[in-house]
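Letter by letter, the chains look like this.
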Amino acid sequence: MGSCESRPATMPSYKLTYFDIRGLAEPARIMFAVAQVPYEDVRLSFSFGTPGDFSTIKRPEFDAMKASGALDVSLGKVPLLEVDGKQVGQSKAIERFLARELGLMGSSPVEAAQVDQLGETVRDIKDAYQKVRGIQNEDEKKKAMDKWFAEDLPNWVKLAEKSLPPSPGPFLVGSKVSAADVGFYMLLLAPGGFFDNTEGAKASFQKSPKIKAAVEAVDALPQLQAYLSKRKPSPF
């Protein structure tokens, strides 16, 4: 368990509980880092009886929380966000809430809708990729994967680039970093991001200059690099 520096008295108290991996809580952690907002980062331990065999996983803290009813609001799962003691479950609900509360939804209602739109584009890209991952025949899957990174993903990024609203740059919506930038950064450039093929992901946006500028601007944020430099390696 760790916590960031003391917070101003007027700021809500945030507590994020998840396993000690990136997983479903990492977008929230990245948003806290980008927004430079302190929070309590509760990391639940886990181990494998047999390495890699999820049927042998041991999660004593999680199991105790679940048994006590502490995770009822989140359907017995994590991540769980507490805001001044009030609980919010479901990872995507947590992300949307934090994007609003941390100032990552643009500077107007229209910009907020545009940020949301680009978040849905990221979801579409992930859904399309999952179809490729789900191919059972290994030869067909390899061909589809090769095509995905050579053609499909770059085409998706080009479509996303065409959909962008006018902005002064380098960020995708308006004049400041938003959840849209964080979403594309975590999809395409973040270390330990969405795609295992990191080089293929990086190649996909090289001919989409606005998205390239945005994800590289996020990557250059000193507060984000400070977080990443302290993040311990995790398999997922």
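Residues numbered from 1 in each chain as written. Predicted model: local features only at pLDDT ≥ 70, side-chain atom pairs only at ≥ 80, totals over all residues. Heavy atoms only, no water.

**With respect to the packing of helix α5 (residues 138-163) against helix α8 (residues 209-219)**
For any two helices packed against each other, the geometry is given by the interaxial angle and the distance between the axes.
And then number 1: Interaxial distance between α5 and α8 falls to 8 Å at its minimum, and their mutual angle equals 90°. With respect to each other, α5 and α8 are oriented roughly perpendicular. Judged by residue contacts, V157, A160 and E161 of α5 engage P209, K210 and I211 from α8.
And then number 2: Class assignment of the residues belonging to the contact of α5 with α8 gives a composition of four nonpolar, no polar and two charged. (Axes fitted to C-alpha atoms, helices over the stretch in contact; angles between N-to-C directions. Helix = DSSP H or I, 4+ residues; strand = E, 2+ residues; numbered from the N terminus. Parallel < 35°, antiparallel > 145°, perpendicular 65-115°, else oblique. Contact = heavy atoms within 4.5 Å. Nonpolar A, V, L, I, M, F, W, Y, C, P; charged D, E, K, R; others polar.)

**Structural notes on the UniProt feature "domain: GST N-terminal" (unreviewed entry) in the protein chain**
And then number 1: Cross-referencing UniProt, the feature "domain: GST N-terminal" (unreviewed entry) maps to residues 12-106 in the present numbering.
And then number 2: As annotated, residues 12-106 comprises 32% helix and 23% strand, and the C-alpha atoms at either end are separated by 20 Å. (UniProt positions renumbered as here; feature names shortened; annotations may be inferred.)

**Notes on the pairing of strand β6 (residues 80-83)**
And then number 1: Side chains L80 and E82 project from β6 onto one buried face, and the interleaved L81 and V83 project onto a second face that is buried too.
And then number 2: Both strand β2 (residues 14-19) and β6 contribute to a ladder of four bridges, which runs antiparallel. From the neighbouring strand, Y14 faces β6, where its bridge partner is V83.
And then number 3: Where β6 meets strand β7 (residues 86-88), three bridges bridge the pair, whose relative direction is antiparallel. From the neighbouring strand, V83 faces β7, where its bridge partner is K86.
And then number 4: If you look at the hairpin formed by β6 and β7, you'll find two residues sitting between the two strands, and D84 has a positive phi there, around 50°. (Buried < 20%, exposed > 50% of the residue type's maximum accessible area, 1.4 Å probe, protein only. Pairing = 2+ DSSP bridges.)

**Concerning the UniProt feature "domain: GST C-terminal" (unreviewed entry) in the protein chain**
And then number 1: Under the UniProt annotation, the feature "domain: GST C-terminal" (unreviewed entry) is placed at residues 108-236.
And then number 2: Helix makes up 68% of residues 108-236 and strand 0%, whereas the separation of the span's terminal C-alpha atoms amounts to 35 Å.

**Topic: unusual backbone geometry**
And then number 1: Cis geometry is found at the peptide bond from V78 to P79, where omega equals 15°.
And then number 2: Along the chain, the position of P79 falls in the loop between α2 (60-68) and β6.
And then number 3: For the peptide bond that leads from G169 to P170, omega is 0°, which places it in the cis range.
And then number 4: Mapped onto the elements of the fold, P170 is located in the loop between α5 and α6 (179-188).
And then number 5: At L75, a residue that is not glycine, the phi angle is positive and equals roughly 60°.
And then number 6: Note that L75 resides in the loop between α2 and β6.
And then number 7: Positioned with a positive phi, Q90 is a non-glycine residue whose angle comes to about 70°.

**Looking at the packing of aromatic side chains**
And then number 1: According to the stated counting rule, one finds 13 aromatic pairs in the structure shown.
And then number 2: Each ring, one from F19 and one from F62, has its centre 5.3 Å from the other, and the planes form 50°; the classification is tilted. Of the two residues, F19 sits in strand β2 while F62 sits in helix α2, which places them 43 residues apart along the sequence. Side by side, F19 and F62 carry an identical accessibility label, which is buried.
And then number 3: Where Y129 meets F194, the ring centres are 5.8 Å apart and the plane angle is 65°; that geometry is what we call edge-to-face. A residue pair is termed long-range when its members are at least 10 positions apart, and Y129 in helix α4 (residues 109-133) and F194 in the loop between α6 and α7 (198-204) qualify at 65 residues.
And then number 4: Y129 sits in the buried class, given a relative accessible area of 7%. (Phe/Tyr/Trp six-rings, centres within 6.5 Å; stacked < 30°, edge-to-face > 60°.)

**A closer look at the nonpolar core**
And then number 1: Counting 71 residues, the largest nonpolar core has Y14, L98, F184 and I211 as its most contacted members.
And then number 2: Looking at this core element by element, the count peaks at eight residues for α6.
And then number 3: The residues contacting F184, other than those within four sequence positions of it, are L118, T121, V122, I125, A160, L172, L189, I211 and V215. (Core = buried A, V, L, I, M, F, W, Y, C linked by side-chain atoms within 4.5 Å.)

**Comments concerning the environment of K210**
And then number 1: Tracing the chain through its elements places K210 in helix α8.
And then number 2: According to the relative accessible area criterion, K210 is partly exposed, its value standing at 48%.
And then number 3: Considered as a pair, K210 and T17 are 193 residues apart in the sequence and their alpha carbons are 35 Å apart.
And then number 4: If we skip the residues at most four places from it in the chain, K210 touches E161, L164, P170 and L172.

**Focus on the pairing of strand β3 (residues 40-44)**
And then number 1: Judged from the five bridges that link them, β2 and β3 form a sheet pairing that is parallel. By the bridge assignment for β3, Y18 is matched with R43.
And then number 2: Read from β2 through helix α1 (residues 26-35) to β3, the crossover connection turns out right-handed. (Right-handed = clockwise from strand over helix to strand, strands pointing away.)

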